[in-house]
Amino acid sequence: MLTKNEKILIIGAGGQIGIELTAELSKIYGHKNVVPSDLKAPAVITENPFEILDALDGKALFEIVKKHGITHVYHLAAMLSATGEQNPMFAWKLNMESLFHVLDLGKEKHIKQIYWPSSIAVFGPTTPRENTPQYTVMEPSTIYGISKQAGERWCEWYFKKHGVDTRSIRYPGLIGWKSAPGGGTTDYAVHIFHEALKKGNYESFLSENTALPMMHMEDAIRATIEIMHAPSENIKIRGAYNLSGISFSPKDIAAEIKKHIPDFTISYKPDFRQAIADSWPKSINDADARKDWGWKEHYDLPKLVENMLVNLKNLKTV
Ligand code: NAD
Ligand code: SER
């Protein structure tokens, strides 16, 4: 929770989560107290004091923190699972070095609180795939997952050794209508809505029965703000919390879309992302998030599908 004279910096604010998080935090704290930043200026200009920032430039980051009197950082810049496999060394560099820059600001007491998201990608093919527990075998097989698992350990280490107030969630695949996804394996579950409305059909890059943990973006943004607002003593896990919303396959979501668009058809042409999806859990046990800071999802699959179709239809007719 911000108090007087405190401010938020969002790094990677132009992405799928950043656009929605910036809007929601601005509603709570006012535009002038939320500073979005990214590699380039946003297409839609808001009242927020936007900054161009390369998250790999620690000096520029420090200057922005000082210039605005930043106290809280949401660090979202990363290369996701599918893009990361195409460019593994840079994915590792971006995902790790940018995190160190932010953690070091916490260690030096320049900022008070850090949010950094982890992912279901921390799990791997040897992890139990149903109702995956918080603590279990973790052998991620993507560079993205390896960087998220390492990031979790670093966050916990900075908390224990240096008292840095780090908070994190292992997001499932996120689905929203206000922003486009940025190179992940779960992106099909957003693309499918756009194609269903535009063309009435969709070719899925995952096979029909590939179930994965997913969540409506509104739930994910609410979870992010709730974990940041929770009293510090309630945050027992300083690596990252499992978080569950819905679990479904391309076949399941297509069947739900068909209830609204009866002529909708889906075909399947799995590509390299299938192997990534096959290494991830099908469903997640998030008992710790529920117990420690009161997490509860609002969206099930029917509600998510209806919400996506109604809002995307409205967008296209305005
Ligand atoms: P995204 O790819 O949509 O957005 C990332 C943003 O970071 C982009 O706007 C990009 O321009 C920016 N960026 C890239 N390199 C940068 C750099 N060097 N400096 C500054 N900005 C840079 O990603 P997202 O989906 O919004 O994800 C945000 C975070 O949430 C990531 O850490 C991701 O791993 C995590 N996450 C996302 C999902 C999901 O389903 N979207 C699921 C699990 C975890
Ligand atoms: N949605 C993300 C991805 O597919 C999960 O972290 O990469």
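Coordinates for the structure precede this section.
A quick note: this is a predicted structure, and the numbers were derived from the prediction, not measured.

With that out of the way, let us pick up the site of ligand 2. Close to ligand 2 lie L80, S81, S119, Y144, G173, G184, T185, T186 and W280. S119 is positioned such that a nitrogen or oxygen atom in its side chain is 2.6 Å from an oxygen atom of ligand 2. Between ligand 2 and T185 there is a distance of 2.6 Å, counted from an oxygen atom to a backbone nitrogen or oxygen. Notes on ligand 2: free accessible area 230 Å², of which the protein chains cover 93%. Comparing atom positions with the cavity grids shows ligand 2 to sit within the largest pocket. Of the residues belonging to the shell around ligand 2, the class tally is three nonpolar, six polar and no charged.

Quick look at the layout of surface pockets now. The space that makes up the largest pocket amounts to roughly 1,000 Å³. In terms of lining, the largest pocket is formed by 45 residues, of which the most central are G15, L76, A78, L80 and G182. For the lining of the largest pocket, the leading source of residues is helix α1 (residues 16-29), giving three residues. When grouped by side-chain class, the residues that make up the lining of the largest pocket number 25 nonpolar, 15 polar and five charged. A volume near 610 Å³ is recorded for the second largest pocket. Lining the second largest pocket are 24 residues, and of these I19, E20, T22, A23 and T46 lie nearest its centre. Contributing elements (two or more residues each) for the lining of the second largest pocket: α1 and α7 (217-229). With seven residues, the top contributor of residues to the lining of the second largest pocket is α1. Of the residues contributing to the lining of the second largest pocket, the split by class is 10 nonpolar, seven polar and seven charged.

About the thresholds
Residues numbered from 1 in each chain as written. Chains lettered and ligands numbered in written order. Predicted model: local features only at pLDDT ≥ 70, side-chain atom pairs only at ≥ 80, totals over all residues. Heavy atoms only, no water. Near = heavy atom within 4 Å. Polar contact = N/O pair within 3.5 Å; in protein donor to acceptor, adjacent residues only side chain to side chain. Areas by Shrake-Rupley, 256 points an atom, 1.4 Å probe, with all protein chains shown as cover. 1 Å grid on protein atoms, 1.4 Å probe; cavity = no way out; pocket = protein on both sides within 12 Å on 5 of 7 lines; lining within 4 Å. Sits in = over half its atoms within 2 Å of the grid points. Nonpolar A, V, L, I, M, F, W, Y, C, P; charged D, E, K, R; others polar. Points joined across faces, edges and corners; volume = space filled by probe spheres on them. Helix = DSSP H or I, 4+ residues; strand = E, 2+ residues; numbered from the N terminus.

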